[in-house]
Amino acid sequence: MQRQGSIGGSAEIRIRATGGVLLVAHLAFVAWLTLRPLDVPWVMPPNLRPFAGIRADLALGWQQGARHIAEGLALLAPLGVLIPMAHGRINASPLGSLVRAAAAGALISLGIELLQTGVPGQIVDIDSLLLNTVGVALAHAAIVPASRAWLRRRSERTDRAPVPQEEPSQGRTPTIPRVGIAP
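Within every chain, residues take consecutive numbers counted from 1 along the sequence as written. Note on the predicted model: pLDDT of at least 70 is required for a residue's local features to be given, and 80 or more for side-chain atom pairs to be given and counted; whole-chain, interface and lining totals, by contrast, use all residues. Excluded from the side-chain calculations are hydrogens and water; all other atoms, namely the structure's heavy atoms, are used.

Caption draft 1: Main features of the overall build of the protein chain. Looking only at helices and strands, one finds six helices and zero strands in the protein chain. When its helices and strands are written in sequence order, the protein chain yields α-α-α-α-α-α. Burial classification: accessible surface area is computed with a 1.4 Å probe over protein chains only, and a residue below 20% of its type maximum counts as buried, one above 50% as exposed, and the rest as partly exposed. Every one of the 183 residues in the protein chain was classed for burial, and the buried ones make up 30%. The secondary structure listing takes helices from DSSP runs of H or I that are at least 4 residues long and strands from runs of E that are at least 2 residues long, numbered from the N terminus.

This is the structure in structure tokens:
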């Protein structure tokens, strides 16, 4: 059974399966990275003021600030590609797909931040929530529309069947004379 907007056949199944496996693997890596306890002598208070942590990092130097921003953007950025890949549609609204991916990234990031409240050595930071969401949206906007267009073009090329040539005429079609019905 083929859904609207799908690639069709085993290619769709392979793309969805690959996207699902990579999505689970990436989320497991992110969980390991962000939810493991850290041995630190003291913990900073949670940052609940937007952009306060970014301003503090930039005050230490542009290299420190750029590194922190890049880490925040890159942590969940693969979700911007993996979520649509696991969904498997090539004919989806670009804006709707972007909104769904960004919302999913924001909810996953919020879940991580809430889980960090119970992990020793980890602190809640609203800036990481914002940066993670922007990273998901940027990755989605940079890769997904172009890859969907490429897949649509490829699908159209393979769907086009060669036009059959007309056979040459073999003359008039024979007719059978009418036979009257006897009374």
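On we go.
Caption draft 2: Spotlight on the environment of Ala103. Mapped onto the elements, Ala103 comes out in helix 5 (residues 94-115). The spacing of Ala103 and Thr133 is 30 residues in sequence and 7.7 Å in space, taken between C-alpha atoms.

Caption draft 3: Examining helix 2 (residues 52-60) more closely. Inspection of helix 2 places Ala52, Gly53, Ile54 and Asp57 among the buried residues, and these make up the whole buried set. Downstream of helix 2 by one or two residues, Gly61 has phi in the positive range, about 140°.

Caption draft 4: Looking closely at the packing of aromatic side chains. The pairing test for Phe, Tyr and Trp rings, Trp by its six-membered ring, is centres within 6.5 Å, and the orientation test on the planes gives stacked under 30 degrees, edge-to-face over 60, and tilted for anything in between. Tallying each qualifying case throughout the model produces one aromatic pair. We call a charge positioned above a ring when the Lys NZ or Arg CZ atom is no farther than 6 Å from the ring centre and deviates by at most 35 degrees from the ring normal. In this structure, Arg36 packs its charged tip against the face of Trp32, placed 4.4 Å from the ring centre.

Caption draft 5: Highlighting unusual backbone geometry. Despite not being glycine, Phe51 shows a phi value in the positive range, around 70°. Mapping Phe51 onto the fold places it in the loop between helix 1 (9-35) and helix 2.

Caption draft 6: Up close: the pattern of salt bridges. Here, a salt bridge means any side-chain nitrogen of Lys or Arg that lies within 4 Å of a carboxyl oxygen of Asp or Glu. Here the structure, examined in full by the defined rule, presents one salt bridge. Arg67 is the partner of Glu71 in a salt bridge, and the nearest nitrogen-oxygen pair spans 3.2 Å. With a gap of four residues between them, Glu71 and Arg67 both fall in helix 3 (residues 62-75), about one helical turn apart.

Caption draft 7: Representation of the nonpolar core. Counting residues in each nonpolar core, the largest one holds nine residues, listed as Leu23, Val30, Leu75, Leu76, Leu79, Leu82, Ala101, Ile112 and Val136. When residues of this core are traced back to their parent elements, those giving at least two are helix 1, helix 4 (79-87) and helix 5. Here, two residues are considered to be in contact whenever any of their heavy atoms come within 4.5 Å of each other. Once residues within four sequence positions are removed from consideration, Leu75 is found in contact with His26, Val30, Leu33, Thr34 and Asn132. What we call a nonpolar core is a set of buried Ala, Val, Leu, Ile, Met, Phe, Trp, Tyr and Cys residues that are connected through their side-chain atoms within 4.5 Å.

Caption draft 8: Geometry of the environment of Thr18. By the element assignment, Thr18 lies in helix 1. It is 7.4 Å that separates the C-alpha atoms of Thr18 and Ala86, two residues lying 68 residues apart in sequence.

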